[in-house]
Amino acid sequence: MRKRLFLLVLFFSALCSHRVLAMPRVSTSLSGTWQYVKVKSLEENLPQEGWQNLEVPGQIGGFRYERAWFRRNFDVPANWQGRKIWLRFGGLKWDSRVFVNGQNAGGELNGYNAFDLDISKFVKFG
């Protein structure tokens, strides 16, 4: 009987501490104005000029497998430090690559599928 009581108390204690430590999920939309620039190859250095505005969600026109870089600046509040920061994409073209603060955070090989990336270690808070 004692073992059951101890395990029950331990389990209850673990549940309570999890709820105290859990932080509520916060969601921020990055829809709005982004910039893009078409390039011949994604292996080239990131262009300094030629960027144009684009409203996201949206799309750019093109043909024959054109490639483009997209960028957006956004602030991550300092009080989010210690949380997991995820980017959710509703779908990007084939072989997407996502860079956060100049570092490769991942991507998705399959075209147009939604995917999530944990960018916590690349974020500069505040």
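Before going into details, it helps to say that this report is about the structure given with it.

Parameters at a glance
Residues numbered from 1 in each chain as written. Predicted model: local features only at pLDDT ≥ 70, side-chain atom pairs only at ≥ 80, totals over all residues. Heavy atoms only, no water. Pairing = 2+ DSSP bridges. Helix = DSSP H or I, 4+ residues; strand = E, 2+ residues; numbered from the N terminus. Axes fitted to C-alpha atoms, helices over the stretch in contact; angles between N-to-C directions. Contact = heavy atoms within 4.5 Å.

Before going further, it helps to examine the sheet that holds strand E1 (residues 32-39). Sheet architecture is open: three strands sit in the order E2-E1-E3, paired in antiparallel fashion. Strands at the two margins of the open sheet, each flanked by one partner only, are strand E2 (52-56) and strand E3 (67-71). When the angles between neighbouring strand axes are averaged without regard to direction, this sheet yields 40°. As paired elements, E1 and E2 share five bridges and run antiparallel to each other. Paired with Thr-33 across the strands is Glu-55, a residue of E2.

On to the pairing of E1, then. Bridge count between E1 and E3: five bridges; the pairing is antiparallel. The residue bridging Val-39 from the neighbouring strand is Arg-67, located in E3.

Summarising the element assignment, Arg-67 is placed in strand E3. Sequence separation between Arg-67 and Trp-94 is 27 residues; the distance between their C-alpha atoms is 9.7 Å. Setting aside anything within four residues of it in sequence, one finds Arg-67 in contact with Val-37, Lys-38, Val-39, Lys-40, Ser-41 and Leu-42.

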